[in-house]
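Commentary on secondary and tertiary structure
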Amino acid sequence: HYIGIDVVQRYIDAARKKIDATEFSGTGQLFCSGAETLHEIVDNHLPEGVEKSDVIVLYPFNCIGNMLQVEEVIGSLSKAGVGFLISSYQTDLNANRIRFDYYLRCGYNEITCRIDEKGVLFKAPEEGMQTYAYHQEWMLETLKKHGITAKAVPFGPFGLGYVNA
């Protein structure tokens, strides 16, 4: 069973069209909502016979770093009580350079980079881009603060994932 959540309706519409156009053999639901409502969706919309232990939530491509209310998102993940994989970036100099080059290739202008206690924040104010890569220690502590035991798993030259332990 697939559950898709996005705050942008056109992305939900595009996903619905793609699912309808393929021979998707499973069942699926799409919700135009924020990730801070995950627990409500899990509690109220899992199909009969699907248990929370059957669910894994994927936050791909550092999408959690693009969410302004990350604490609320993690709180909702904790309340949902499901498995998860959070895809993010390492916060070392090499990862920062790779990210900076990527944002330039995407066409962002006047990119700034700030390092703080949470992590590394890239911004391109003219285009409305703001994205964090959270320091491993901050992310693990924030998850723990919400009752989630997790571990960090490096992948590739600059990737970092978090999974529930």
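Scroll up a little and you will see the structure.
This report concerns the structure included in the present document.

Cut-offs applied
- Residues numbered from 1 in each chain as written.
- Predicted model: local features only at pLDDT ≥ 70, side-chain atom pairs only at ≥ 80, totals over all residues.
- Heavy atoms only, no water.
- Helix = DSSP H or I, 4+ residues; strand = E, 2+ residues; numbered from the N terminus.
- Rg over C-alpha atoms; globule rule 2.2 N^0.38 Å.
- Buried < 20%, exposed > 50% of the residue type's maximum accessible area, 1.4 Å probe, protein only.
- Contact = heavy atoms within 4.5 Å.
- Areas by Shrake-Rupley, 256 points an atom, 1.4 Å probe, with all protein chains shown as cover.
- Lys, Arg positive; Asp, Glu negative; His and termini not counted.
- Charge placed at Lys NZ, Arg CZ, Asp CG, Glu CD.
- Phe/Tyr/Trp six-rings, centres within 6.5 Å; stacked < 30°, edge-to-face > 60°.

1. Comments concerning the overall build of the chain
Along its length, the chain carries five helices and nine strands. The N-to-C order of helical and strand elements in the chain reads β-α-β-α-β-α-β-α-β-β-β-α-β-β. The C-alpha atoms of the chain give a radius of gyration of 17 Å, which matches the 15 Å a tight globule of 165 residues would have. Structurally, the chain occupies a C-alpha span of about 45 × 35 × 25 Å along its principal axes. Across the 165 residues of the chain, 37% fall into the buried class. For the chain, the proportion of contacts with a sequence separation of at least 24, taken over those separated by at least 6, is 56%. Taken as a whole, the chain presents about 9,800 Å² of accessible surface, with 53% of it coming from carbon and sulfur. On the chain, the mean spot of the 15 positive side-chain charges and the mean spot of the 21 negative ones are 4 Å from each other.

2. Points about the environment of Arg10
Along the polypeptide, Arg10 turns up in helix α1 (residues 9–21). Considered as a pair, Arg10 and Gly119 are 109 residues apart in the sequence and their alpha carbons are 30 Å apart.

3. A look at the packing of aromatic side chains
Per the stated rule, a full pass over the model turns up seven aromatic pairs. Here Tyr103 and Tyr108 contribute two aromatic rings whose centre-to-centre distance is 6.3 Å and whose plane-to-plane angle is 75°, an arrangement assigned as edge-to-face. Note on Tyr103: relative accessible area 6%, which makes it buried. Three or more aromatic residues joined by ring pairs make a cluster, and in this case those are Phe100, Tyr102, Tyr103, Tyr108 and Phe122.

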